[in-house]
Amino acid sequence: MIYLDHNATTPVLPEVLEAMMPYLTTEWGNPSSAYKFGAKVKSVIETAREQVAALIGAHPLEIIFTSCATESNNAAIHATLKANPNKRHIVTSAVEHSSVLNYCMALEKEGYRVTYLPVDHDGLLKLADLENAIGDETSVVSLMWANNETGVLFPVKEIAEICRSRGVPYHCDAVQAAGKIEMDVRKLPVDYLSLTGHKFHAPKGIGALYVRRKTPFSPLIHGGHQERNLRGGTESVPLIVGIGKAAEAARRHSPDYEKKVRPLRDNLEEGMLSSIPNTELNGHKTQRLANTTNITFHGIESEALLILLDQEGICASSGSACLADSDEPSHVIKAMKPASAASRQMIRFSLGKANSAADIKATVTAVQRVTELLRA
Ligand code: PLP
């Protein structure tokens with residue numbers, strides 16, 4: 001198998017699994033229990049909190065563990081609405097993940113107003129559009145760091161500064177940036193930032209939300225006193241240990257991530273674009289994650305190409321894994337190229353550090369072969 005779908009999910013690192021094992025076997029106590037067998041696992045949650053905080057330059061008390069980034073995204077937006085019940089306007093973009101878009105659409109049904117900022121042909125925002133969209137009624141701006149389908153990077157620093165200057169909280173879905181680019185909330189005036197472990201080699205089912213100190217937060221999930229009353233529910237100690245260890249590893253590996261992945265991605269991209277006719281890159285050429293390439297193969301339906309690639313042992317996708325079971329065209333590519341069929345005829349390849357030059361060579365050859373077959 002050649003796995004080129006790291007934006008969908010990543011394998012659990014052996015060191016992450018090893019760190020989790022005691023909490024899946026012998027150390028299974030409840031961290032809220034008063035006796036030592038339970039209470040002693042509380043400290044490992046705090047270690048993980050420090051590790052996740054360190055990945056983004058936060059203070060550990062600014063990290064809330066959640067079940068996934070979908071929950072983190074919902075919780076952040078929800079917190080801003082609770083903090084300012086009279087402000088019923090949300091600014092986001094047309095290319096966000098469904099965990100932001102579908103929540104915003106649900107809020108519209110409850111009477112909230114949502115501005116979905118457009119993107120250009122390259123997937124970039126116009127900051128003037130953001131400036132114009134923010135008004136007195138705006139409760140939050142929610143704009144992602146890196147797009148999961150194209151890898152296009154939004155200018156988060158400029159966005160954060162605009163929001164700060166207008167007194168509007170900024171929530172950033174940083175799921176795809178984690179472990180791929182340096183993130184430091186001390187240099188970025190973001191108020192809320194979402195992460196999920198499974199995109200950086202922790203298991204699925206564990207996420208985190210950064211909430212800047214003194215920023216309002218009210219829980220989305222009400223329950224016990226866990227997470228300092230900010231998120232009810234017995235903590236999944238093994239998963240929390242896993243995301244902590246994975247964050248530590250991501251921090252350690254991040255200096256050479258780009259060096260390893262970018263040349264492979266570039267070879268894959270150039271290999272396909274130069275040898276296969278009627279292909280087109282989706283997304284800005286440089287303002288993009290080092291691991292992602294999204295290519296339209298004109299005249300070939302994504303689904304057909306993916307099935308044949310799967311038969312060749314190659315895992316890629318036609319957009320977000322969360323929407324893979326729907327036959328909707330990619331909303332991201334549609335927002336970038338509304339007049340073209342590109343949104344139905346594209347494939348995302350997203351690389352990881354374990355990919356090799358041999359994987360890339362085999363993939364280019366396989367894509368050449370199957371596109372010829374489908375166009376014959
Ligand atoms: N945001 C982005 C940009 C994503 O790519 C994903 C996952 O695909 C999510 C949010 C949702 O993450 P989770 O699967 O942890 O809910």
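Located above this text is the structure these notes cover.
Every value quoted in this text rests on a predicted model; they were computed, and no experiment measured them. Numbering of residues begins from 1 in every chain and follows the order in which that chain's sequence is written. Only residues with pLDDT of 70 or above have their local features reported here, since the model is predicted, and side-chain atom pairs are shown and tallied only from 80 upward, although totals for entire chains, interfaces and linings are computed over all residues. Processing note: side-chain calculations cover all non-hydrogen atoms of the structure and skip hydrogens and water entirely.

Visitor: Can you lay out the overall build of the protein chain for me, pointing to particular residues and giving the numbers?
Guide: Strands are runs of DSSP state E lasting at least 2 residues, helices are runs of H or I lasting at least 4, and numbering of each runs from the N terminus. Of the regular secondary structure elements, the protein chain holds 12 helices and 12 strands. Along the longest, intermediate and shortest principal axes, the C-alpha atoms of the protein chain span 70 × 55 × 35 Å. Expressed as a percentage of the 376 residues in the protein chain, the buried residues total 57%. Only heavy atoms enter the contact rule, under which two residues are in contact if any of them lie within 4.5 Å. Within the protein chain, contacts between residues at least 6 apart in sequence are counted, and of these 73% link residues at least 24 apart. Surface accessibility follows the Shrake-Rupley procedure with a 1.4 Å probe radius. Residue values consider only the protein chains on display as shielding. Carbon and sulfur atoms form 55% of the exposed surface of the protein chain, whose accessible area is close to 15,900 Å². We count Lys and Arg on the positive side and Asp and Glu on the negative side, and we leave His and both chain ends out. Lys charges are placed at NZ, Arg charges at CZ, Asp charges at CG and Glu charges at CD. Separation of charge centres in the protein chain, based on 40 positive and 42 negative side chains, amounts to 5 Å. Burial status follows relative accessibility: with a 1.4 Å probe on protein chains alone, a residue under 20% of its type maximum counts as buried, one over 50% as exposed, and anything between as partly exposed.

Visitor: Which residues make up a nonpolar patch on the surface, and what values do they have?
Guide: Here the term patch refers to residues with relative accessible area over 30% and no salt bridge, with like charges joined within 9 Å and nonpolar side chains (Val, Leu, Ile, Met, Phe, Trp, Tyr) within 5 Å. Just to be clear on terms, a salt bridge is a Lys or Arg side-chain nitrogen sitting within 4 Å of an Asp or Glu carboxyl oxygen. Side chains of V12, L17, M21 and L24 sit close together on the surface and give an oily, nonpolar patch of about 330 Å² of accessible area. Relative to the helices and strands, L17 is located in helix α1 (residues 14-24). Residue classification places L17 among the partly exposed residues on the basis of a relative accessible area of 43%.

Visitor: Got a sec to walk through helix α3 (residues 42-56)? Specific residues and values, please.
Guide: Residue count minus one, scaled by 1.5 Å, sets the expected span of a helix. For α3, with 15 residues, the first-to-last C-alpha span of 22 Å sits near the 21 Å given by 1.5 Å per residue. Those residues of α3 that fall on the buried side of the exposure criterion are V44, I45, A48, R49, Q51, V52, A53, L55 and I56. Buried residues along α3 sit against α1, β2 (63-66), β7 (192-196), β8 (207-211), α8 (226-229) and α9 (237-275). Two residues or fewer past α3, G57 is found with a positive phi of approximately 75°.

Visitor: Lay out the site of the ligand in plain terms, naming residues and giving numbers.
Guide: The criterion for a residue being near a molecule or strand is simple. One of its heavy atoms has to lie within 4 Å of it. Around the ligand there are 14 residues in total, and T70, D173, Q176, T196 and K199 lie nearest to it. Here a polar contact is recorded for every N or O atom pair within 3.5 Å, except that within protein the pair must consist of a potential hydrogen donor and a potential acceptor, and residues adjacent in sequence are included only if both atoms are side-chain atoms. Separating an oxygen atom of the ligand from a side-chain N or O atom of Q176 is a distance of 2.8 Å. Measuring from an oxygen atom of the ligand, one finds a side-chain N or O atom of H198 at 3.1 Å. For the ligand, the protein covers 93% of the area, taking 400 Å² as the surface of the free molecule.

Visitor: So what's going on with the layout of surface pockets? Residues and values would help.
Guide: The distinction between a cavity and a pocket rests on a 1 Å grid over the protein atoms alone: a 1.4 Å probe fits inside a cavity but cannot get out, while a pocket stays open yet meets protein on both sides within 12 Å along at least five of seven lines, and a residue with an atom within 4 Å of a point counts as lining. Grid points are joined across faces, edges and corners, and a volume is the space filled by probe spheres set on the points. Roughly 360 Å³ of internal volume is contained in the second largest pocket. Those elements that provide at least two residues to the lining of the second largest pocket are β1 (2-3) and α9. With six residues, the top contributor of residues to the lining of the second largest pocket is α9. Under the scheme applied, nonpolar residues are Ala, Val, Leu, Ile, Met, Phe, Trp, Tyr, Cys and Pro; charged residues are Asp, Glu, Lys and Arg; polar residues are all the others, including Gly. Among the residues forming the lining of the second largest pocket, the class breakdown is 13 nonpolar, eight polar and four charged.

Visitor: Tell me about unusual backbone geometry, and name the residues and values.
Guide: Of note, R228 is a non-glycine position whose phi angle comes to about 55°, a positive value. Along the chain, R228 falls in helix α8. Here N278, not a glycine, exhibits a phi torsion of approximately 55°, which is positive. As for its placement among the helices and strands, N278 is situated in the loop between α9 and β9 (279-281). Take N278: its relative accessible area is 54%, and that puts it in the exposed class.

Visitor: Any chance you could break down the packing of helix α10 (residues 302-311) against helix α12 (residues 357-375) for me, citing the residues and the numbers?
Guide: Between α10 and α12, the shortest axis-to-axis distance is 10 Å and the interhelical angle comes to 130°. With respect to their mutual orientation, α10 and α12 come out oblique. Here α10 and α12 pass one another in a crossing that is right-handed. Contact residues: α10 offers A304, L305, L308 and L309, while α12 offers V367, V370, T371, L373 and L374. Between the N-to-C directions of two axes lies an angle of 0 to 180 degrees, each axis being a line fitted to C-alpha atoms and, for a helix, fitted only over the stretch in contact. Orientation labels follow simple angle bins: below 35 degrees gives roughly parallel, above 145 gives roughly antiparallel, 65 to 115 gives roughly perpendicular, and whatever is left gives oblique. Each crossing gets its handedness from the near helix: less than a right angle anticlockwise from the far helix is left-handed, clockwise is right-handed.

Visitor: Help me get a handle on the sheet that holds strand β10 (residues 292-297), residues and values and all.
Guide: Taken in spatial order, the three strands of this open sheet run β9-β10-β12, and their pairing is antiparallel. The two strands at the open ends of the sheet, each matched to only one other strand, are β9 and β12 (346-350). Pairs of neighbouring strands in the sheet enclose a mean axial angle of 25°, with direction left out of account. At least two DSSP bridges between two strands are required for those strands to pair. Sheet topology note: the β10/β12 ladder contains five bridges and is antiparallel. Note that in β12 the partner of T292 across the bridge is S350.

Visitor: Outline the nonpolar core, supporting the account with residue identities and numerical values.
Guide: Residues enter a nonpolar core if they are buried and are Ala, Val, Leu, Ile, Met, Phe, Trp, Tyr or Cys, with the set joined through side-chain atoms within 4.5 Å. Within the largest apolar cluster, 68 residues are counted, with the highest numbers of intra-cluster contacts made by I56, F65, V141, W145, Y170 and L193. With nine residues, the single largest contributor to this core is α9. Apart from the residues within four sequence positions on either side, F65 is in contact with I45, A48, R49, V52, I206, G207, A208, E227, R231, I240 and I243. Counting residues in each nonpolar core, the second largest holds 26 residues, with I300, L305, L308 and F349 among its members.

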